[in-house]
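Coordinate inspection notes
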Amino acid sequence: MKLFLLLSLSVYLFGATSFITDEEYASSLYKNPRGIGCNNCHGDNGKGKLVAKYEQKGVLKEFKGSDITNIGFKDFYEALDTSIPGMPKYFLTKDEIEALYRYLHKVKK
Ligand code: HEC
């Protein structure tokens, strides 16, 4: 009986990871990519977002995350593989970048 419980518990625990779909995985990666979530600057659907307005030397400026749903995979990949001023540097694997790309192209409206 004890062994049976133990076995069903481990099946439940280890099996559980496969219950999340690719889309759920990518959605959580987008919001929590080992660093500040992409959604904070690029918006929930990747269409871009106005993050802050500020004044610099008397000129009103805006800090915006761009629309990242309208670029090809190569540009998307390269952007995440280099440093972009204003954007944190991430260390994502190719699989993770692909998952994010697929996710953004699905949620694009
Ligand atoms: C702190 C804000 C911030 C966060 C967080 C952020 N970005 Fe960015 N991102 C930027 C800014 C600013 C740019 C440059 C926009 C521009 O050139 O107009 C940029 C540019 C990009 C580009 C290039 C866009 C283009 O048109 O070439 C991609 C792709 C991108 N980000 C993807 C992501 C992804 C994916 C994440 C999460 C892993 C992320 N960003 C997180 C601010 C951010």
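Attention here is on the structure that accompanies the text. (Residues numbered from 1 in each chain as written. Predicted model: local features only at pLDDT ≥ 70, side-chain atom pairs only at ≥ 80, totals over all residues. Heavy atoms only, no water.)

Brief notes about the coordination of the iron atom of the ligand
Distances from the iron atom of the ligand to its protein donors, H42 (NE2) and M87 (SD), fall at 2.0 to 2.1 Å. One can describe the donor arrangement at the iron atom of the ligand as octahedral, given that its six donor atoms subtend angles of 87 to 178° at the metal. Highlighted residues: H42 in helix α3 (residues 39-42) and M87 in the loop between α4 (73-81) and α5 (94-107), separated in sequence by 45 residues. (Donors = N, O, S within 2.8 Å, 3.2 Å for Na, K, Ca; no water. Tetrahedral: all angles 85-135°; square planar, octahedral: opposite > 155°, others 65-115°. Helix = DSSP H or I, 4+ residues; strand = E, 2+ residues; numbered from the N terminus.)

Here's the deal with the side chain of S27
Within the secondary structure, S27 is located in helix α2 (residues 22-31). Of note is the side chain of S27, whose polar atom sits 3.1 Å from the side chain of K31. (Polar contact = N/O pair within 3.5 Å; in protein donor to acceptor, adjacent residues only side chain to side chain.)

Here we look at the pairing of strand β2 (residues 59-65)
Looking along a regular strand, one sees side chains alternate from face to face of the sheet. As defined by bridge partners, strand β1 (residues 49-56) adjoins β2 across seven bridges and the pair is classed as antiparallel. By the bridge assignment, E55 is partnered in β2 with L60. Where β1 folds back on β2, the antiparallel hairpin that results is connected by two residues, among which K57 adopts a positive phi of roughly 50°. (Pairing = 2+ DSSP bridges.)

Some thoughts on the site of the ligand
The ligand sits among 20 residues. The nearest are C38, C41, H42, M87 and Y90. Between a nitrogen atom of the ligand and a side-chain N or O atom of H42, the distance comes to 2.8 Å. In a pocket analysis with a 2 Å cut-off to the grid points, the ligand is assigned to the largest pocket. A per-element tally of the shell around the ligand places α4 first, with three residues. In terms of residue class, the shell around the ligand is built from 15 nonpolar, four polar and one charged. (Near = heavy atom within 4 Å. 1 Å grid on protein atoms, 1.4 Å probe; cavity = no way out; pocket = protein on both sides within 12 Å on 5 of 7 lines; lining within 4 Å. Sits in = over half its atoms within 2 Å of the grid points. Nonpolar A, V, L, I, M, F, W, Y, C, P; charged D, E, K, R; others polar.)

Describing the packing of aromatic side chains
A full pass over the atoms with the stated rule returns four aromatic pairs. Here F73 and Y77 contribute two aromatic rings whose centre-to-centre distance is 5.9 Å and whose plane-to-plane angle is 45°, an arrangement assigned as tilted. Taken together, the residues span about one helical turn, with F73 and Y77 both in helix α4 at a distance of four residues. Look at F73 and you get partly exposed, because its relative accessible area is 26%. What makes Y77 partly exposed here is its relative accessible area of 24%. Both rings, one in F73 and one in Y101, keep their centres 5.2 Å apart while their planes meet at 80°; by these two values the pair is edge-to-face. In this pair, F73 sits in helix α4 while Y101 sits in helix α5, placing the two residues 28 residues apart along the sequence. Here the aromatic cluster, defined as three or more aromatic residues joined through ring pairs, consists of F73, F76, Y77 and Y101. (Phe/Tyr/Trp six-rings, centres within 6.5 Å; stacked < 30°, edge-to-face > 60°. Buried < 20%, exposed > 50% of the residue type's maximum accessible area, 1.4 Å probe, protein only.)

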